[in-house]
Structure formats: C-alpha cells, structure tokens
Amino acid sequence: MKRLLSFALILCIMTVFLCGCSPLGIGSGELMKPPKTSGDEQQITALIEKNAGTGYTLKYPENGGNRSSIIIRDLDFDGESEAVAFYQVTVNKDATTYMLVMHEGSQGWEIAGSYKTLNTNIDRVDFSDITGNGKLEIICGFKTFNSNVNQLVIFSYEDGNASQMDVSHTYTSFVLNDFNGDQKNDILALSIYADKNSEASLLSYDESRQKMQISSSVKLDQNVTGFENIASGMLNSDTVGAAVDGIVSNDKLCTQIIYFDSRSNSLVNALYSDSGPAPNPTIRDGKTYCMDIDDDNIIEIPVLSKMPYTGGENAEFVVTSAVWNEFDTASATLAENCYMMVLYNFGFYFQLSKEALEKTTARIDAEDSSVTVYEWSDGNIQNPLLTIKIFNTEDLTKTGKPQGYTLIREEGAKSYYYKIHDVQGSFSFSDEDIQQSFRLFSDYYEK
C-alpha cells in the first residue's frame, strides 16, 4: 500500500484517495465536453458518438485513482486493450448516465456491454480480480441524492463481452483487498446510516452462486459521520486489514481497525466497542492519517499529543508529537514503532528517537516561520537545541544563504534550513540526525 491521501498538505489535496478535488482544478462531477483525442481514444470517441449522437457530454468519476471519462485497461491480460467510458445525452435534458464497455475487435473498437442509470454522478471506478478467474472486474460506484449512499455496480469481462454481475449493495466508501485469504480480492464496503447502525461489510464472490455476497459484517462507531482516509494493507506481518480514519464530533478523527479474523470467520472492528465507554486511543484533533510511515509494508496508526509544556503557556504554539503504532492482533493493542514531531503549519515531519521525545519539547514561531526544539527537564523548558526555519527561495537568491544556518532541502518556493545551538545539555542533535529525520508531508502523500 502506498500512501494515501496530506496533513497540512493533505488538508488541501487529500483524498487523492480517498479525498476529492479534480487535479485540474475543475469539479470532477461537472459535465465536460468531449476532449480532442488521437489514436485509440479518437476511435473510442467515434464509437461513443455513434451510440450517443453528437449531443452528449462525458462524465468523470469524482473520487479514486481513475478520474478520466475514458479509462483504458487490459482487463483480460491478452495484450489487447478494453475501455470504459461514461457520458450523458444532453438532448432534451436527459439526466440518464450511460456507461459503455468497449474492446478492440478485428474491425476496430466495438461495444462489449452497456449500462444506464438515473444517478447523474460517478463516485469512483476500480479494477480488480474479485472472482479469482485471473481477469479484472470493473467496479463502479454511482452517487445518489444521499451523500453517504453510493450504488455499487460490477461488470465482468470475457471474450469481448461485458456482463453485469449480480450485486445489490450500497456503500459510503470501499476498499479492495484479499481480506479473507482466499486468493481473490474482496470489497470492504463501509456504510454510514442515519437510521440504523453504521457497518462494514465484506463482499466476497460466491463461486457456486456466481454472485457477490456479504460474508461478514461488523458495526462501525456511530459517532463517525464520514471517512477522511482508508489505508488498506498489512496491519502486521500476517494480517491484512484496513485502518479507517473517520470524522467524529468537532472535526476530530478516530481510527477503526477492521480485519477478517480467520479463527471466528468474521470481521473484527478493533479499538471500538458499542457495549462500553472505553475511549479510542486514536481520537485526535490533527489531520494525521494512517499509512506506512517507515516503508516496512505495514500500516502504522498515529496517536497524537502535545509535547510537554507548562500550565501558563499557550498550547497553540506547542508542537504536536505523533507516536506511530503497529496493531498487534494477538493482544488487540497498539505497539509503538516510530516517533515524530508534526508541523502542520510548515508541512513537514521531524522524526525523533524515543529518548528525544522524552527529553525535548518544541515551540512554533509563526511570524518567524520557524520551530525551535528545546531540552525539557524537571517540568520546564531548558536550553534551545535546534531551530528549523523556512525561507522564501526567491528571496534567498537576492540575500544569499542565511548566516549560521545549513540547508536541509529546497522544494518549490520554499527552502528549509536548520541551526544546531551550541549548548551543553543532556541531549543534542547531529547534522546527520537532521538530514535523516526531516521529511515533507508531500514525501508521503504524492507517491
């Protein structure tokens, strides 16, 4: 799993995954004119025009990784491309959305299958082998009048024919993975309901019935009103699952860890119980999302807190620390794995050792665009140890390198510099520490 989708950055762009603005700055749900195309897309456009007539507009999926109106894939891995396209006919203000599945035949591009719906907007399109036949199914979600309810539609493709699979399910969001270990991908559908318990359902393909069936369901936290991010992958060395970052009251986030337990043959929603008041340890104010933070192919779950400060200080300027945890399914607990300072205002992380987290604190100077790390001892701030400051790169071309500072990184219009303070204390940073510990949010969210 590669990281979805910003802290300060992800606040604006997220939901690349997850979260959804058009990368072109255009609302992706808007109707668009057919693009000028060449090659295969030109032939595909001609085929759409043949079926729709000239008065049509292409439609774009609003979320997910496939946001084109014409999506080309080799669904059956035979070396020949297939394509999926969405459009609306504009004559007589027809609100119907049409979907065409096309393939390259002996005479050029041909229709393999079609679908129409009165739902006017497309949530997302994914491709995955959910039947285990070695071919990719087309998994589509269509928006409804309720923002928490999307309609799931699935097509299978074989030998030039696309046929709609038997599935009747709605969702708020979903992820694909082999959650139950049967060597084919499942759909983990997350649904928020206003009038009944919200739930996560595992949809798996039943070969004998040749349809998608709910194999297990589990309740979701009723306080969650939406999903900001879903990281799907390895929760530990032997468990596939999903870390679901949901929005709770006052725009806080909390994480629900959902996986399939082979012993009970059912879904589990860890860190949540509807029968008791036990608080979820992941409830947090910061927009910090679950992800593989250290490239070990295991999802880490953040637990946030303010670094130490005295009662008379303004907590707004106290830096937030993140303890990243792996989930231990055997004990159903979080196991600490990695420690960082999170600088939302400045868009970067700074990794710390556990010793550094225990012996330091840090303060933000918004006017100076800097953060200073201090020694923390006996309940008080002691010596300054390290300052990281952001400069405008263009300004530096005129003024030159700031005296006493060393460059960490240039990125676009910003240059990040640091200064190690010359003090004697119980803890100190080295130049190597700083270069290895500094990471921009975009290092994780733009991969």
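These lines cover the structure that appears in this document, whether it is placed above or below. Sequence order sets the numbering: in each chain, residues are counted from 1 along the sequence as written. Reporting of local features is limited, given that this is a predicted model, to residues whose pLDDT is at least 70; pairs of side-chain atoms are given and counted only at 80 or more, and all residues count toward the totals for whole chains, interfaces and linings. Processing note: side-chain calculations cover all non-hydrogen atoms of the structure and skip hydrogens and water entirely.

Here's the deal with the sheet that holds strand S17 (residues 252-261)
Note the threshold: Note on pairing: DSSP must find at least two bridges between two strands before they are called paired. Secondary structure follows DSSP: runs of H or I at least 4 residues long count as helices, runs of E at least 2 residues long count as strands, and numbering of each begins at the N terminus. Lines fitted to C-alpha atoms define the axes here, with helix axes fitted over just the stretch in contact, and angles between the N-to-C directions of these axes take values from 0 to 180 degrees.
With antiparallel pairing, the four strands of this open sheet are ordered in space as S15-S16-S17-S18. With partners counted over all chains shown, the strands left at the sheet margins are strand S15 (226-236) and strand S18 (266-270), one partner each. Recorded for the sheet is a direction-independent mean angle of 25 degrees between the axes of neighbouring strands. By the bridge criterion, five bridges tie S17 to S18 in an arrangement that is antiparallel. The partner of Phe260 across the bridge, within S18, is Leu267.

Digging into the pairing of strand S25 (residues 380-392)
As paired elements, strand S24 (residues 370-377) and S25 share seven bridges and run antiparallel to each other. Paired with Val373 across the two strands is Leu386, which belongs to S25. The turn joining S24 and S25, which pair antiparallel and follow one another in sequence, is formed by two residues; a positive phi near 55 degrees is taken by Asp378. Direction of pairing for S25 relative to strand S27 (residues 414-420): antiparallel, over a ladder of seven bridges.

Comments concerning the environment of Ala83
Quick reminder of the rule: Relative accessible area decides the class of each residue, using a 1.4 Å probe on protein chains only: under 20% of the type maximum gives buried, over 50% gives exposed, and in between gives partly exposed. Throughout, a residue-residue contact means that at least one pair of heavy atoms, one from each residue, lies within 4.5 Å.
Among the secondary structure elements, Ala83 is positioned in strand S3 (residues 82-89). Residue Ala83 is classed as buried on the basis of its relative accessible area, which comes to 1%. Aside from chain neighbours lying at most four places away, what touches Ala83 is Ile44, Ile71, Ile72, Leu100, Val101, Met102 and Trp109.

Considering the packing of aromatic side chains
Which entries qualify depends on this criterion: Here a pair means two rings of Phe, Tyr or Trp (six-membered ring of Trp) with centres within 6.5 Å. Their orientation is stacked below 30 degrees between planes, edge-to-face above 60, and tilted elsewhere.
The full count for this structure, using the stated rule, is 19 aromatic pairs. Between Trp324 and Tyr349 the ring centres are 6.4 Å apart and the planes differ by 80 degrees, which places this aromatic pair in the edge-to-face class. With Trp324 in strand S20 (residues 320-328) and Tyr349 in strand S22 (residues 348-352), this pair connects stretches of sequence that are 25 residues apart. This pair shows no difference in class: Trp324 is buried, exactly as Tyr349 is. Considering the side-chain rings of Phe427 and Phe429, the 5.3 Å spacing of their centres and the 85 degrees angle between planes classify their relative orientation as edge-to-face.

Quick look at the environment of Asp123
Note the following rule: Any pair of N or O atoms that falls within 3.5 Å is considered a polar contact. Within protein, one atom must be able to donate a hydrogen and the other to accept it, and sequence-neighbouring residues count only if both atoms are side-chain atoms.
Within the secondary structure, Asp123 is located in strand S6 (residues 122-128). For Asp123, a relative accessible area of 5% puts it in the buried group. Sequence separation between Asp123 and Asn63 is 60 residues, and the spatial gap between their C-alpha atoms is 5.6 Å. The contacts of Asp123, once residues within four sequence positions are left out, are Pro61, Glu62, Asn63, Gly141, Phe142, Lys143, Asn150 and Tyr171. A polar side-chain atom of Asp123 sits 2.6 Å from a polar atom in the side chain of Tyr171.

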